Amino acid sequence: SRQLKNLRRYFADQQILLIDNSELLEKHAQTLQKVCEFLNVSAADLPQAEKVFSGEYPRNAYPLLRRILTIYFRFKNRELRRQLNAMGYSPQWPWL
């Protein structure tokens, strides 16, 4: 939320596009199209989607660590959600 707060000091909300990594993974072409439209550039010559840094990670392998991190980031994520809502975003990101 601190990085977003700093960005908002210099740029209007309409000049900031926020996407989650999961959007690129799950809806790659749609997300790149969204970025191109935002930047007002052609999407005609975009490369094919390619997985990078992908792996199979067990989601529930470290439940205690996951709980600790959830607690640690709770207030930071709450502040981020507040900023996003103020910008008109209503993200459904699972980690937020």
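Structure's up top.
Residues numbered from 1 in each chain as written. Predicted model: local features only at pLDDT ≥ 70, side-chain atom pairs only at ≥ 80, totals over all residues. Heavy atoms only, no water.

Quick notes on the overall build of the protein
So the rule is basically this: Helix and strand assignments come from DSSP, with helices taken as H or I runs of at least 4 residues and strands as E runs of at least 2, each series counted from the N terminus. Values of the radius of gyration come from C-alpha atoms, whereas the globule rule sets the reference at 2.2 Å times the count of residues to the power 0.38. Here the term buried applies to any residue with accessible area under 20% of the maximum for its type, exposed to any over 50%, and partly exposed to those in between, with areas from a 1.4 Å probe on protein chains only. Computed with the Shrake-Rupley method and a 1.4 Å probe, the accessible areas treat only the protein chains shown as cover for residues. A positive count includes Lys and Arg, and a negative count includes Asp and Glu. His and the chain ends are not counted in either. A charged residue contributes its charge at one atom only: NZ of Lys, CZ of Arg, CG of Asp or CD of Glu.
Within the protein, the secondary structure is distributed over four helices and zero strands. Listing each helix as α and each strand as β along the protein from the N terminus yields α-α-α-α. Against the globule reference of 12 Å for 96 residues, the protein gives a C-alpha radius of gyration of 16 Å, more extended than a compact globule. For the protein, the spread of C-alpha atoms along the three principal axes comes to 45 × 35 × 20 Å. When each of the 96 residues of the protein is scored for burial, the buried share is 18%. Counting only carbon and sulfur atoms, one obtains 54% of the accessible surface of the protein, whose full area is about 8,500 Å². For the protein, the separation between the mean place of its 15 positive charges and that of its 9 negative charges on side chains is 15 Å.

Focus: helix H4 (residues 63-86)
Definition in use: Take the residue count of a helix, subtract one, and multiply by 1.5 Å to get its expected span. Bend at a given residue is defined as the angle between two axes, one fitted to the seven residues that end at that position and one fitted to the seven that begin there. It only takes one pair of heavy atoms within 4.5 Å for two residues to be counted as in contact.
The terminal C-alpha atoms of H4, which comprises 24 residues, lie 33 Å apart, in line with the 34 Å expected from a rise of 1.5 Å per residue. Bending of H4 peaks at approximately 50 degrees at the position of arginine 74. Considering only its buried residues, H4 is in contact with helix H1 (2-10). Immediately beyond the C-terminal end of H4, within one or two residues, lies glycine 88, with a positive phi of roughly 95 degrees.

Regarding the pattern of salt bridges
Keep this limit in mind: A side-chain nitrogen of Lys or Arg and a carboxyl oxygen of Asp or Glu constitute a salt bridge if their distance falls within 4 Å.
Within the structure shown, the criterion is met by three salt bridges. We note a salt bridge from aspartate 13 to arginine 8, for which the minimum N-O separation is 2.8 Å. Residue aspartate 13 is classed as partly exposed on the basis of its relative accessible area, which comes to 22%. The exposure class assigned to arginine 8 is partly exposed, which follows from its relative accessible area of 27%. Of the charged contacts in the structure, one is a salt bridge between arginine 82 and glutamate 79, with a shortest N-O distance of 2.7 Å.

A few points about the environment of glycine 88
Locating glycine 88 in the fold gives a position in the segment after H4. Between the C-alpha atoms of glycine 88 and aspartate 13, which are 75 residues apart in sequence, the distance is 8.6 Å.

Looking at the nonpolar core
Threshold: Only buried residues count toward a nonpolar core. Its members are Ala, Val, Leu, Ile, Met, Phe, Trp, Tyr and Cys residues joined through side-chain atoms within 4.5 Å.
Leu4, Ile16, Leu18, Leu80, Leu84, Met87, Tyr89, Trp93 and Leu96 together form the largest nonpolar core, which totals nine residues. Setting aside residues no more than four positions away along its own chain, methionine 87 makes contact with Leu4, Arg8, Asp13, Ile16 and Leu18.

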